[in-house]
Amino acid sequence: LRTRPSIVRGRSPSRRGGVRVPARTVFEVERSPTREDEASSAPPPIAEGRGGAGDVDSDEDNATRATNVVLLAGFESFNRELYEQSGRLLPPSLGPVSVKVFADSDIRGNASGEFATAVGEADVFLASLVFDYDDVSAVTAMLDSAEDVRTQKTRLIFECATELMEYNRVGSFSMASAGDGPSGPPPAVKAVLSKFSSGREEDKLAGYLELLKVGPELLKFVPGEKAGDLRTWMEAYRYWNQGGLSNVRSMLQLLVLKTRKNAAAAANAGDLSLPELVVTPATGLLHPLLFDESGSMAYASDPKSYMDWRLSSACAKSAKERKFPLAPDDAPRVALLLYRKHVITGQRYIADLIRAMEAEGLMPVPVFINGVEAHAIVRDWLTSDREVEKVNSGAATREPTYKPNEAAEVDAVVNTIGFPLVGGPAGSMEAGRNVDLSSKLLSDMDVPYVVAS
């Protein structure tokens, strides 16, 4: 693309609006019957869960009992229908699978008893974007209680409060604290992780996302059970982070394979290959008029590339053809921080918001992020005429991470995600954490900052 060399291809967003779904959905995906099944009497019923700590499961039980998967969708409750549909698409040869989807409103609401029971019976428990103090406290209590029932179940805690993240566990890999030591990844993992971030505390979570790109491939060459279990966790995280129907289905399939105890069932299911990861950039910029030459939606890789396109004759021509309102070239520029998962799932408000701002004479600079990189976007990609004046006069200094060849000047910043500027959804529940850092970033820019989630 000659006029926009830094724009990458993406997927066209769905025009469909939000859909109300039931508060909880339970369904089972049963394996296809074999000839042996047909020749024998009726198969034993599929169990919804396991018994107490003293129960001993036979290989026959493992072959017929459903693998219980519990998904807790916190801030991403808009993905519940996606989770349900992904579960229905699991290959029948995986055997019986029971998937239960809960929202954060179920943690302490009328369904709290059902949720607690499901957590206790889960072979796989996955929670995402849970950071409300009371919700985190309730979930951690349920997980602690579940230890009395089964101590080795798989837990995946994605981008939640750090107090909940330490419950991550796949096989021998765990983020739990060792004795009085700090919780988090093992020392060897922390050493690798340090190579993917600036070393600053506020950049460590963003470093996880960089590690996810290459970590699973690197871990292929690291011997040991813990490395294999860590790779499973990272692969599941990567599928979840990329989102979409195919990726979520692959994540569920991977976790069921990992959880299977019966050797024959695992060998049979092991022949199933996971679909290729469908990748959307971790960060980028979008606009309803931004398409590539094939007609697919495209994303700009940085604000400068986006502004080059936005002020181009190609953009003006596309707007005229589609009767799309555009603000004048000298209009105030407003950076929009958007949630990447909303972009992937085609939430309609994004296009509506961009169109409304253009129609009102404001030029949006829409940047989508995972949630943990908001501070990096403001620090490295955005600036203002006031900040430029301060730097030129010596009243302020640029951070070494600032990228002048990718940055753009803006007149205001609107955070539509609602997460803290530093830390995002995975920030600690500790009040006031990182306030000084956020204040410095915003005071250097000296432009209005609005949280409108």
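Residues numbered from 1 in each chain as written. Predicted model: local features only at pLDDT ≥ 70, side-chain atom pairs only at ≥ 80, totals over all residues. Heavy atoms only, no water.

> I would appreciate a short explanation of the packing of helix H3 (residues 80-88) against helix H10 (residues 245-259) in the present structure.
Two quantities define a packed helix pair, namely the angle between the axes and the distance from one axis to the other. Taken N-terminus to C-terminus, the directions of H3 and H10 make an angle of 60°; their axes are 8 Å apart at the nearest point. Classified by the angle between their axes, H3 and H10 sit oblique to one another. The handedness of the crossing between H3 and H10 is right-handed. Where H3 abuts H10, its residues Leu82, Tyr83, Gln85, Ser86 and Gly87 lie against Leu245, Val248, Arg249 and Leu252. (Axes fitted to C-alpha atoms, helices over the stretch in contact; angles between N-to-C directions. Helix = DSSP H or I, 4+ residues; strand = E, 2+ residues; numbered from the N terminus. Parallel < 35°, antiparallel > 145°, perpendicular 65-115°, else oblique. Left-handed = near helix turned anticlockwise from the far one by under 90°. Contact = heavy atoms within 4.5 Å.)

> Before we go on, may I ask you to explain the packing of helix H17 (residues 385-393) against helix H18 (residues 435-445) in this structure?
Relative to each other, H17 and H18 sit at 90°, their axes nearing to 6 Å. The pairing of H17 with H18 is recorded here as roughly perpendicular in orientation. Contacts between H17 and H18 involve Arg386, Glu387 and Lys390 from the former and Ser443, Asp444 and Met445 from the latter. Residue classes in the contact of H17 with H18 are distributed as 1 nonpolar, 1 polar and 4 charged. (Nonpolar A, V, L, I, M, F, W, Y, C, P; charged D, E, K, R; others polar.)

> For this particular structure, what's the right way to read the pattern of salt bridges?
Proximity of charged atoms lets side chains of opposite charge pair with each other. Under the defined criterion, the tally for this structure stands at 13 salt bridges. Here Glu358 makes a salt bridge to Arg310, at a shortest N to O gap of 2.9 Å. Residue Glu358 is found in helix H15 (residues 348-359), and its partner Arg310 is found in helix H12 (residues 303-310); the two are separated by 48 residues along the sequence. Under the relative-accessibility criterion, Arg310 is labelled buried at 2%. Residues Asp380 and Arg379 are paired through a salt bridge, measuring 2.8 Å at the closest nitrogen-oxygen approach. According to the relative accessible area criterion, Asp380 is buried, its value standing at 8%. One salt-bridge network, in which partners are shared between bridges, spans Arg108, Asp132 and Asp135. (Salt bridge = Lys/Arg side-chain N within 4 Å of Asp/Glu carboxyl O. Buried < 20%, exposed > 50% of the residue type's maximum accessible area, 1.4 Å probe, protein only.)

> What is the right way to read the environment of Pro325 from this model?
Note on placement: Pro325 falls in the loop between helix H13 (313-322) and strand E11 (333-339). Sequence separation between Pro325 and Gly361 is 36 residues, and the spatial gap between their C-alpha atoms is 9.1 Å. When near neighbours in sequence (up to four residues on either side) are disregarded, Pro325 contacts Arg355, Glu358 and Ala359.

> Even after reading the chapter, I still don't get H10, so can you show me in this structure?
For an α-helix, the turn length of 3.6 residues means that residues three or four places apart are oriented alike. With 15 residues, H10 should cover 21 Å at 1.5 Å per step; its first-to-last C-alpha distance of 21 Å lies within 8% of that length. The buried count for H10 comes to 11 of 15 residues, which makes it a mostly enclosed element. When we look at burial in H10, the residues that qualify are Asn247, Val248, Arg249, Ser250, Met251, Leu252, Gln253, Leu254, Leu255, Val256 and Thr259. (Expected span 1.5 Å × (residues − 1).)

> In this structure, what is going on with unusual backbone geometry? I would like to understand it.
In most cases, non-glycine residues show a negative phi, while peptide bonds are predominantly trans. One non-glycine residue, Glu159, lies in positive phi territory at about 50°. Tracing the sequence through the fold places Glu159 in the loop between strand E6 (154-158) and helix H6 (162-165). Note on Glu159: relative accessible area 4%, which makes it buried. For Lys323, which is not glycine, the phi dihedral falls at a positive 55°. Structurally, Lys323 can be placed in the loop between H13 and E11. The exposure class assigned to Lys323 is exposed, which follows from its relative accessible area of 71%.

The values reported here are purely geometric and, on their own, carry no functional implication.
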